[in-house]
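Descriptive structure summary
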Amino acid sequence: MPIYDISVSIRAETPTFPGDPAVRIDQFSEMQAGADANVTGLCFGAHTATHVDAPAHFIQGAATVAAMPLDALIGPALVVEVPADADAVTLELIDRTDLTGVSRVLFKSRNSEFWATPEAGFREDFVYIEPEAARALVVHGMRLVGIDYLSVEKFRCGGYATHLAFLEHGVVIVEGLDLRGITPGKYELLCLPLKLEGGTGDGAPARAVLRTLD
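About the cut-offs
Residues numbered from 1 in each chain as written. Predicted model: local features only at pLDDT ≥ 70, side-chain atom pairs only at ≥ 80, totals over all residues. Heavy atoms only, no water. Helix = DSSP H or I, 4+ residues; strand = E, 2+ residues; numbered from the N terminus. Rg over C-alpha atoms; globule rule 2.2 N^0.38 Å. Buried < 20%, exposed > 50% of the residue type's maximum accessible area, 1.4 Å probe, protein only. Contact = heavy atoms within 4.5 Å. Lys, Arg positive; Asp, Glu negative; His and termini not counted. Charge placed at Lys NZ, Arg CZ, Asp CG, Glu CD. Phe/Tyr/Trp six-rings, centres within 6.5 Å; stacked < 30°, edge-to-face > 60°. Lys NZ or Arg CZ within 6 Å of the ring centre and 35° of its normal.

**Quick look at the overall build of the chain**
- A tally of regular secondary structure across the chain gives four helices and 12 strands.
- A compact globule built from 214 residues would reach a C-alpha radius of gyration of about 17 Å, and the chain, at 17 Å, matches this within 12%.
- Oriented by its inertia axes, the alpha-carbon framework of the chain measures out at about 60 × 40 × 35 Å.
- Across the 214 residues of the chain, 48% fall into the buried class.
- Sequence separation of at least 24 residues holds for 73% of the intrachain contacts in the chain that already meet a minimum separation of 6.
- Of note, the chain has its 16 positive side-chain charges centred 2 Å away from the centre of its 29 negative side-chain charges.

**Considerations on the side chain of Thr212**
- Inspection of the secondary structure assignment puts Thr212 in strand β12 (residues 203–212).
- Dropping the residues within four chain positions of it, Thr212 is found in contact with Met1, Pro2, Tyr4 and Tyr187.

**Let's talk about helix α3 (residues 131–139)**
- Among the residues making up α3, those that are buried are Ala133, Ala134, Ala136, Leu137 and Val138.
- Those residues of α3 hidden inside the fold are in contact with β6 (88–89), α2 (91–95), β7 (104–108), β8 (128–129), β9 (144–147) and α4 (161–167).

**With respect to the packing of aromatic side chains**
- A full pass over the atoms with the stated rule returns 11 aromatic pairs.
- Judged by centre distance (5.7 Å) and plane angle (40°), the ring pair of Phe122 and Tyr149 falls under tilted. In this pair, Phe122 sits in the loop between β7 and β8 while Tyr149 sits in the loop between β9 and α4, placing the two residues 27 residues apart along the sequence. Accessibility classification places Phe122 together with Tyr149 in one group, the buried group.
- Ring centres of Phe126 and Phe155 lie 6.4 Å apart, and the angle between their planes is 65°; on these two criteria the pair is classed as edge-to-face. Remark: Phe155 occurs in the loop between β9 and α4 and Phe126 occurs in the loop between β7 and β8; sequence separation between them is 29 residues.
- A relative accessible area of 3% places Phe126 in the buried class.
- You can call Phe155 buried: its relative accessible area is 12%.
- Put simply, the rings of Phe17, Phe114, Trp115, Phe122, Phe126, Tyr149 and Phe155 pair up and form one aromatic cluster.
- In this arrangement the basic side chain of Arg123 is found over the ring face of Phe114, its NZ or CZ atom lying 3.9 Å from the centre.

Rendered as structure tokens:
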């Protein structure tokens, strides 16, 4: 059964959302320098590379990432292709997609190609999910929605309607997926964020993989 890694690597060149902490990876100790063991120090934000948004990201006092239901993060998922010329996941795209029996959906767009050149920095022209489409996905009973860049929200849209449409209804948001090598269709998703107990619990980086269902 093939396993497809759809996670973005975390390294110094990994783009981060404007205003978020940059990635810093330091060699804390190194055997080559005489230490007994190699130990790496990590410093980056909770919403770096492939990550999960918890309700606490935008809702005061809401559930944290450590409290997320694991069964929402593991199970069958549908990868949906977004037209190459599209700027957003629209209500029209949702309406023409067969979501019968689907509770997890991942949107593959031109965003995924951005991950081929992380050194180019953050891209402002990423494909996002329109609030109307988000609300339609909630009506369809989605438990998890993923997209292949660092936000489901339109850049500098002046609000958080898409995030809130999902998070207010307990829908898990996965951002920063790399779906370049993935053919649209049905898979099994396994996406486990770090169990972070400190801070506000707004989210956490995750390792996400897909497996074929055959």
